[in-house]
Amino acid sequence: MNPMKIAVCIKPVPSPDHYHQVGIDPETKTLIRQGTPTVINPLDKNALEAALQIREKHGGVVAVVSMAPPFAEENLREALAMGADEAYLLSDRAFAGSDTLATSMVLAAAVKKLGPVDLVLTGNESADGGTAQVSAQLGEWLGYPHLMHACGLEVMEEGLIRVDTARENCRVVYRVKLPAVVSVVRTINRPRFTSLMGVIAAGKKPLTVWSCEDLPVDRCFLGLEGSPTKAGDIYQPDLSRRCELLDVPPEEIAGAILQKIRAAGLQL
Amino acid sequence: MDFSFSKEQDLLRKTVREFVEAEVAPMAAVWDEEDHCPVDVFKKMGELGFAGVFVPAEYGGAGLGYTERAIILEEIARHSAGLAMFLMTHHLGVAAILEFGGEDQKKKYLPDLASGRKIAGLSVTEPTGGSDLGNHQTTGELVDGWWVLNGRKCFASNSHLAQVTIVTARTGTDDKGRQSLTAFIVEGGNPGFAPGRKENKFGLRVSIMGDLVLNNCRVGPESILGGEGRGQRVALSIISEVGRAGMSAISLGLLRACLEDMVRFAKERKLYGKPISSLQAIQFSIAETKVDYEAARLLTYRALALKDAKQRCDVELAMAKYFSTEAVVKAAKRNMDNMGGYGVLNDYPAGRYLRDGLAGLPSAGTSNIMKIIVAASALA
Ligand SMILES: Cc1cc2nc3c(=O)[nH]c(=O)nc-3n(C[C@H](O)[C@H](O)[C@H](O)COP(=O)(O)OP(=O)(O)OC[C@H]3O[C@@H](n4cnc5c(N)ncnc54)[C@H](O)[C@@H]3O)c2cc1C
């Protein structure tokens, strides 16, 4: 079997330890993440782990790709430390505010620029935006078949993979011809811990930065301006706790509580 | 002057933290309660390079330095000071071979130790007093080309686990009539060498500590580490530069644990309708702990910058060890004070921090001994 080239798309998301620092821009309806420490989107680590396992079995090259501000170099170094071979940071002011369509267009342009890629892996959704749209859109831009919710992945023979996808009550198993885009869920594997040797090696691995100029993308379809998605509203839910006294006889208390819960919109 | 860590060191800290939060934090309280030493976790740490962090790559290590070692110990001690103590003591044996061993000894021992396949220890202290190094009762005699060691060591960390232990013994007297010590590499399985009593410690549990008994233990001359009669130098150098650095780093982890827990508790606990973080007394104790943590951090990493630059750092490490270990005890008590009655419940780690902090005081030399070293340098 020929060694495979696998691209893994990773996204920096706010570190869960710093969620309290993330705000919402009332004008643009986008998240204000500036200055918040980031981590690699957890599911993207599963995607990277899946790629590394394939490379360990069948040989090849794993490239990580991220469209993000310059600080994401840190996240890409971490991916290199985990074991990826090369990293590409797609960074340009013109990309800022891009919706999933614009983002996937830029990612697709970068993947094409990498040369023949056999497999593109992503996390199923990001921990911040959580739209779960990018991977499918990526598949469309590239003209590759795409599958979501992958909980198992195996190379069967040259150019053919088996993908197990998780549904609510069952698994659906696909055989997919490569190249393809697959997005993975948490249960597919347990991402490895990074070794000190990995951290040292990461410093010597290639990390390339591509700007808008380096990619064949039309500026009109980029950034906030070029993004067709306009969030109607986005708000922070009120998580404050209140104490309410129910002045009803003991035998009616349970019913009264149920009523309150239903009135608050919870279906019981 | 640059007080920042390199990008590589930041990444290293992040990856170690991830490991510790996943594999150590959830178990730390149970290990402490059961005094369980998780050798399997040590093996995993070995695979990740922690066991040989400062060992050059040619001997199977990660090829980093003592600063990176401290980062690792700090991160582990944030959740389990006992586990950090286990690793830190392993490093004592590893450093002794790396810094004083001949090429053959390094090639023979370091690859297994750096990868965590084998565990090391350093046993100097005897029942006649850890502070009184010149009063060794353990003897080494050259008989028919073999060194025969006899005596009892105490307070040896990793005593019941180590396959490779550096042991000091009295092998003669120098020209001034003082004891001359020699350091030997003694392997587990030697019929004359066995662990004795295992101590039941109230702090730094998880890390095993006990006696080592040498009963006509025969070792070949190739086991001598650093040269005959040079054992005092081996012991003092490793204890002062690697042992005290380790205790300082472990203290940093404990100080951060106290600080983070104090902040969280102060924000959650409500009295008089408000979180107790609004009480100035609570704020002050948080401020004191924060200053202690930052000061300990500066002392420790500054001393280690000297160590990694191969400069003298014994006094700097004595200051770091003295300040940071004492600071933990104060911070842990403040944490308990702020928690009121909850502070004494074993459901919280507050009591463990205090126990671990107290157990750290004598390890690698008591505070009095640290002050003697610092005073001697100030008065010189
Ligand atoms: C958790 C733990 C792990 C340890 N691990 C190891 C290990 O792996 N290997 C090893 O060899 N040892 C180890 N030790 C032993 C440690 O190094 C000794 O406990 C320490 O050196 C003190 O010796 P001691 O306990 O005999 O106390 P002593 O030396 O008997 O001291 C008793 C008291 O006298 C004071 N004192 C002594 N001399 C002076 C002086 N000149 N001036 C003023 N005061 C003085 C001391 O400060 C102390 O308060 C460990 C100890 C602990 C607690």
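Position numbers for residues start from 1 in each chain and track the written sequence from start to end. Both sets of labels track the order of writing: A upward for chains, 1 upward for ligands. For a predicted model such as this one, the threshold for reporting local features is a pLDDT of at least 70, and the threshold for listing and counting side-chain atom pairs is 80 or more; totals across whole chains, interfaces and linings nevertheless cover every residue. Each side-chain value is worked out from all heavy atoms of the structure, with water and hydrogens disregarded.

Within chain A, the regular secondary structure consists of seven helices and 13 strands. With the C-alpha coordinates of chain A rotated into their principal frame, the extents come out at 75 × 40 × 40 Å. Between two residues, a contact is recorded if the distance between any of their heavy atoms is within 4.5 Å. A fraction of 71% describes how many contacts in chain A between residues 6 or more apart in sequence connect residues 24 or more apart. A run of H or I in DSSP counts as a helix once it spans at least four residues, and a run of E counts as a strand once it spans at least two, with each numbered from the N terminus.

Residues and elements named next belong to chain B. Lines fitted to C-alpha atoms define the axes, with helix axes restricted to the stretch in contact, and inter-axis angles between N-to-C directions lie between 0 and 180 degrees. Where helix α3 (residues 39–47) contacts helix α5 (residues 81–100), the axes come no closer than 11 Å and their chain directions differ by 55°. Judged by the angle between their axes, α3 and α5 are oblique. Between α3 and α5 lies a crossing whose hand is right-handed. Each of Val39, Val41, Phe42 and Met45 in α3 lies in contact with α5, whose residues at this interface are Leu83, Phe86, Leu87 and His90. In the contact of α3 with α5, the residues fall into seven nonpolar, one polar and no charged. Note on terminology: angles under 35 degrees are roughly parallel, angles over 145 are roughly antiparallel, angles of 65 to 115 are roughly perpendicular, and the others are oblique. By definition, any crossing whose near helix is turned counterclockwise from its far helix by less than a right angle is left-handed, and any crossing with a clockwise turn is right-handed. Lys, Arg, Asp and Glu make up the charged group, whereas Ala, Val, Leu, Ile, Met, Phe, Trp, Tyr, Cys and Pro make up the nonpolar group; the residues left over, Gly among them, are polar.

Quick look at the site of the ligand now. All names here are of chain B. Around the ligand, a shell composed of 21 residues is seen, among which Thr125, Gly130, Ser131, Phe155 and Thr366 lie nearest. Between the ligand and the protein, one listed contact pairs an oxygen atom with a side-chain N or O atom of Ser131 at 2.5 Å. Under the rule applied, a polar contact is a pair of N or O atoms within 3.5 Å (in protein, one hydrogen donor and one hydrogen acceptor; residues adjacent in sequence only if both atoms are side-chain atoms). Within the side chain of Ser157, one N or O atom sits 2.9 Å away from a nitrogen atom of the ligand. In isolation the ligand offers 970 Å² of accessible surface; the protein chains occlude 67% of this area. Counting atoms within 2 Å of the grid points, the majority share of the ligand lands in the second largest pocket. The rule for a residue being near a molecule or strand is that one of its heavy atoms must lie within 4 Å of it. Exposure was quantified through the Shrake-Rupley algorithm and a 1.4 Å probe, taking into account, for residues, occlusion by the shown protein chains and nothing else. For cavity detection a 1 Å grid was placed over the protein atoms alone, and a set of points counts as a cavity when a 1.4 Å probe fits there but cannot get out; an open set counts as a pocket when protein lies on both sides within 12 Å along at least five of seven lines, with lining residues being those that have an atom within 4 Å of a point. Here the criterion for a molecule occupying a pocket or cavity is that more than half of its atoms lie within 2 Å of the pocket grid points.

Residues and elements named next belong to chain B. Grid points are joined across faces, edges and corners, and a volume is the space filled by probe spheres set on the points. Under the criterion given, the structure shown has three cavities of 30 Å³ or more. Of the voids in this model, the largest cavity is the one considered here, and its volume is about 50 Å³. Every residue along the wall of the largest cavity is listed here: Leu204, Met247, Ile250, Ser251, Leu254, Thr325, Val328, Asp356, Gly357 and Gly360. Elements supplying a minimum of two residues to the lining of the largest cavity: α7 (231–268), α9 (314–339) and α10 (350–360). Looking at the lining of the largest cavity element by element, the count peaks at four residues for α7. For the lining of the largest cavity, a count of residues per class yields five nonpolar, four polar and one charged.

On the surface, Tyr342, Val344, Leu345 and Tyr348 of chain B cluster together to form a nonpolar patch covering roughly 360 Å² of accessible area. With respect to the helices and strands, Tyr342 of chain B occurs in the loop between α9 and α10. Patch membership needs two things, relative accessible area over 30% and no salt bridge, and members are linked within 9 Å if like-charged or within 5 Å if nonpolar (Val, Leu, Ile, Met, Phe, Trp, Tyr). The term salt bridge refers to a side-chain nitrogen of Lys or Arg lying within 4 Å of a carboxyl oxygen of Asp or Glu.

Here the focus is the sheet that holds strand β13 (residues 207–210) of chain A. Residues and elements named next belong to chain A. Strands are labelled as partners when DSSP assigns at least two bridges between them. Pairing within the open sheet is mixed, and its nine strands lie in the order β11-β10-β9-β12-β8-β1-β6-β7-β13. The open sheet terminates on both sides in strands that have one partner only, identified here as β11 (171–177) and β13. Adjacent strand axes in the sheet meet at a mean angle of 30°, parallel and antiparallel pairs treated alike. On top of the sheet, helix α3 (residues 100–113) reaches β1 (4–9), β6 (60–67), β7 (86–90), β8 (119–123) and β13; it is set at about 150° to β6, its chief contact.

In this section: the layout of surface pockets. All names here are of chain B. The volume enclosed by the second largest pocket comes to roughly 940 Å³. Of all the secondary-structure elements, those providing two or more residues to the lining of the second largest pocket are α5, β1 (120–123), β3 (146–157), α7, α10 and α11 (367–379). With five residues, the single largest contributor to the lining of the second largest pocket is α7. Within the lining of the second largest pocket, the residues separate by chemical class into 20 nonpolar, 14 polar and four charged.

Below, the discussion takes up the confidence of the model for chain B. pLDDT: the predictor's confidence for each residue, scored from 0 to 100. Within chain B, residue pLDDT values average 97, and 100% of them lie at 70 or more. What the predictor reports for the complex is a pTM of 0.92 with an ipTM of 0.91.

All names here are of chain B. Close contact between α7 and helix α8 (residues 280–308) brings their axes to 9 Å; oriented N to C, the two are set at 155°. By the angle between their axes, α7 is roughly antiparallel relative to α8. Along this stretch, α7 crosses α8, giving a crossing that reads as left-handed. Looking at the contact of α7 with α8, its residues break down into 15 nonpolar, four polar and six charged.

Residue and element names in this part refer to chain B. In this fold, Ser123 is placed in strand β1. Throughout, exposure labels follow a simple rule: accessible area from a 1.4 Å probe, protein chains only, divided by the maximum for the residue type, with under 20% read as buried, over 50% as exposed, and the rest as partly exposed. Look at Ser123 and you get buried, because its relative accessible area is 1%. For the pair formed by Ser123 and Leu92, sequence separation is 31 residues and the distance between their alpha carbons is 9.5 Å.

Residue and element names in this part refer to chain B. The split of the chain into domains comes from an automatic or database domain assignment. Along its sequence, chain B is carved into domain 1 (7–118), domain 2 (122–229) and domain 3 (234–379). Each of domain 2 and domain 3 has a C-alpha centre, and these two points are 30 Å apart. When two components associate, each loses some accessible surface as probed by a 1.4 Å sphere; the sum of these losses over both components is called the buried area. Note on domain 2 versus domain 3: buried area summed over both sides is about 930 Å², and carbon and sulfur give 83% of it. Contact with domain 3 buries area across many residues of domain 2, yet Leu122, Phe202 and Leu204 alone supply 51% of it, more than any other trio. Counting across the interface, domain 2 meets domain 3 through zero salt bridges. Taken together, the residues of the side of domain 2 that touches domain 3 break down into seven nonpolar, four polar and one charged.

Time to look at the side chain of Ser157 of chain B. All names here are of chain B. With respect to the element layout, Ser157 can be found in strand β3. With relative accessibility at 12%, the residue Ser157 sits in the buried group. Not counting residues up to four positions away in its chain, the partners in contact with Ser157 are Met85, Thr89, Gly121, Ser207, Ile208 and Met209.

The extent of an interface is frequently quoted as the accessible surface area lost upon association of the parts. Listed by partner, the interface residues are 16 residues for chain A and 18 residues for chain B. Considering only the surface of chain A that becomes buried against chain B, Phe193, Leu196 and Val199 of chain A emerge as the three largest contributors, covering 44% of it. Counting every contact that joins chain A to chain B gives three salt bridges. A salt bridge links Glu78 of chain A to Lys14 of chain B; its shortest N-O distance comes to 3.0 Å. Remark: the boundary between chain A and chain B carries five residue pairs in polar contact (both at pLDDT 80 or more). At the level of secondary structure, the elements contributing two or more residues to the side of chain A that touches chain B comprise β5 (38–40), α2 (73–82) and α5 (196–202) of chain A. A per-element tally of the side of chain A that touches chain B places α2 of chain A first, with five residues.

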